[in-house]
Amino acid sequence: MMASSYKDEDGHISVSGSGAAAGGGSLRTKKPENTAFKQQRLPAWQPILTAGTVLPAFFIIGLIFIPIGIGLYVTSNNIKEFEIDYTGVDTSSPCFNCSKSFSWNSTKPCTCSIPFHLDQSYESNVFMYYGLSNFYQNHRRYVKSRDDSQLNGNEKSLEEPSKECEPYAKHDNKPIAPCGAIANSMFNDTLELFYNDPNGTKIQIPLTATGIAWWTDKHVKFRNPGVENMNLTAVFQGTTKPVNWRRPVYELDTDPDNNGFINEDFIVWMRTAALPTFRKLYRIIQRRNNMLPTLPRGNYTLEVVYNYPVRSFEGRKRMILSTISWMGGKNPFLGIAYITVGSVCFLLGVVLLIIHHKYGNRNNGADISH
């Protein structure tokens, strides 16, 4: 008996007869089922771009972005910022001798004093940063060279650091705490600020060393090993300091709440920068009296204990004094970007409006006559 085939309403081919029985049933094609989803017949909204919809959009974007950009740019320019390069490359620099002779193997730190003048007073809290140039913290092997489990207080990782820390995992057969290249290269210059009073006395500006790290880093990611209120000297017994450090991690500060792995200078350094030129928060100069500026206009002296050599990688070091606003630190790029985008959209709207006014009626007339 011959097999016969027919196509149903869904587009499937069925075969009947003895041949179909021998073949195991009906044959079906690979055509998707005749449903709205599989045949792509679902309702959809397709915008029709006309002059009446496109031109207002360009003008609205321009009128919104330009004022926002101007506000951001003005706010950024109102932030006061002062910067000093104390690398000591020039022979006239007070830090030239320190820069020329100092290295990681130097046994004694070098001290230099840099006088400077502030042309305007700083009224609110002032943030002191240190800046480095030509320092690539974003290198892949450098970023991986740390042990987050050790930094989180794991005692087993304290005794056996991760292999990612090599070659800064052990020294003299002792585990390094903290291990890794990031910790080993920690910035350790000491910066002190003095105000030169007109009567000839030098007044030291108090610098706050806490509150400079992210809260999540201070209270979540970084913890000292052992139980609370335990002597850190005993906790880190059997470990050794990083090769380039001058003192162990449990002597970074005399404050027990800012010592060891939870030292905020250390925490700030461990958050690696994305670009080779960067700045990191060093200290906060808090406003002491509502009637007086935080930093009055006048002469100052920056005292530097030069511990961090940068000549080996042709780097530079800076000290920055800056205020902040509701948008953060000084950054004119965001305002310029808003102004540029808004201006381009507004100009495009004007150009398209002229083109539409000149050629739009002609095209409509041709369509109607045709």
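Cut-offs used in this document
- Residues numbered from 1 in each chain as written.
- Predicted model: local features only at pLDDT ≥ 70, side-chain atom pairs only at ≥ 80, totals over all residues.
- Heavy atoms only, no water.
- Salt bridge = Lys/Arg side-chain N within 4 Å of Asp/Glu carboxyl O.
- Helix = DSSP H or I, 4+ residues; strand = E, 2+ residues; numbered from the N terminus.
- Buried < 20%, exposed > 50% of the residue type's maximum accessible area, 1.4 Å probe, protein only.
- Polar contact = N/O pair within 3.5 Å; in protein donor to acceptor, adjacent residues only side chain to side chain.
- Contact = heavy atoms within 4.5 Å.
- Pairing = 2+ DSSP bridges.
- Axes fitted to C-alpha atoms, helices over the stretch in contact; angles between N-to-C directions.
- UniProt positions renumbered as here; feature names shortened; annotations may be inferred.
- Core = buried A, V, L, I, M, F, W, Y, C linked by side-chain atoms within 4.5 Å.
- Phe/Tyr/Trp six-rings, centres within 6.5 Å; stacked < 30°, edge-to-face > 60°.
- Lys NZ or Arg CZ within 6 Å of the ring centre and 35° of its normal.

(A) Layout of the pattern of salt bridges. Within the structure shown, the criterion is met by twelve salt bridges. The salt bridge partner of Glu160 is Lys170, with a shortest N-O separation of 3.6 Å. Of this pair, Glu160 sits in the loop between helix 6 (155-159) and strand 6 (170-171) while Lys170 is found in strand 6, placing the two residues ten residues apart along the sequence. Exposure remark for Lys170: the relative accessible area of 42% places this residue in the partly exposed category. Close ionic contact of Asp217 with Arg271 constitutes a salt bridge, the shortest N to O distance being 3.0 Å. Of the two residues, Asp217 sits in helix 8 (residues 215-221) while Arg271 sits in the loop between helix 10 (264-270) and strand 10 (278-285), which places them 54 residues apart along the sequence. The exposure class of Asp217 is buried, given its relative accessible area of 3%.

(B) Structural context of the side chain of Thr294. Looking at where Thr294 falls in the secondary structure, it is placed in the loop between strand 10 and strand 11 (298-306). One polar contact links the side chain of Thr294 to the main-chain carbonyl oxygen of Glu123, over a distance of 3.0 Å. Beyond its immediate stretch of four places on either side in the chain, Thr294 contacts Tyr122, Glu123, Ser124, Asn125, Val126, Ile285, Gln286, Arg287 and Arg288.

(C) Representation of the sheet that holds strand 8 (residues 190-196). Spatial ordering of the open sheet is given by 4-11-8-9, a layout of four strands whose pairing is antiparallel. For this open sheet the edge positions go to strand 4 (110-118) and strand 9 (202-204), each flanked by a neighbour on one side alone. Neighbour-to-neighbour, the strand axes of the sheet open up by a mean angle of 30 degrees, direction not taken into account. Two strands pair when backbone bridges link them, and strand 8 and strand 11 are joined in this way by seven bridges, in the antiparallel orientation. Across the sheet, residue Glu192 finds its bridge partner in strand 11, namely Glu303.

(D) Highlighting the sheet that holds strand 12 (residues 316-322). Sheet architecture is open: four strands sit in the order 3-12-5-10, paired in antiparallel fashion. Each edge of the sheet is formed by a strand with only one pairing partner; in this case those strands are strand 3 (81-85) and strand 10. Along the sheet, successive strands turn relative to each other by an average axial angle of 20 degrees, direction set aside. Bridge count between strand 5 (residues 126-133) and strand 12: seven bridges; the pairing is antiparallel. When the bridges of strand 12 are listed, Tyr130 appears paired with Met319.

(E) Seen up close, the UniProt feature "transmembrane region" (unreviewed entry) in the protein chain. The feature "transmembrane region" (unreviewed entry), as annotated in UniProt, sits at residues 48-74 and 333-355 in this numbering. Taken as a whole, residues 48-74 contains 89% helix and 0% strand, while its terminal C-alpha atoms sit 39 Å from one another. Helix makes up 100% of residues 333-355 and strand 0%, whereas the separation of the span's terminal C-alpha atoms amounts to 33 Å.

(F) View of the nonpolar core. One finds Tyr86, Leu193, Phe266, Trp269, Leu295, Tyr306 and Leu321 to be the most contacted residues of the largest nonpolar core, which totals 61 residues. Residue contributions to this core peak at six residues, all from strand 5.

(G) Structural context of the packing of aromatic side chains. Applying the stated criterion across every chain, the model contains 20 aromatic pairs. Taken together, a centroid distance of 5.1 Å and an interplanar angle of 40 degrees make the contact between Phe65 and Tyr338 tilted. Linking Phe65 in helix 2 (residues 51-77) with Tyr338 in helix 11 (residues 333-369), this pair joins segments that are 273 residues apart in sequence. Phe65 sits in the partly exposed class, given a relative accessible area of 27%. Looking at Tyr338, the relative accessible area reads 27%, which means it is partly exposed. Between Phe222 and Phe266, the ring centres sit 6.0 Å apart and the planes meet at 85 degrees, which makes this aromatic pair edge-to-face. Of the two residues, Phe222 is situated in the loop between helix 8 and helix 9 (232-235) and Phe266 in helix 10; the sequence distance between them amounts to 44 residues. A relative accessible area of 3% means that Phe222 is categorised as buried. Taken together, Tyr130, Phe135, Tyr142, Phe187, Trp269, Phe278, Tyr282, Tyr308 and Phe313 form an aromatic cluster joined through their ring pairs. The side chain of Lys80 reaches across the aromatic face of Tyr122, ending 5.9 Å from its centre. Seen from the ring of Tyr282, Arg283 lies directly overhead, with NZ or CZ sitting 4.1 Å from the centre.

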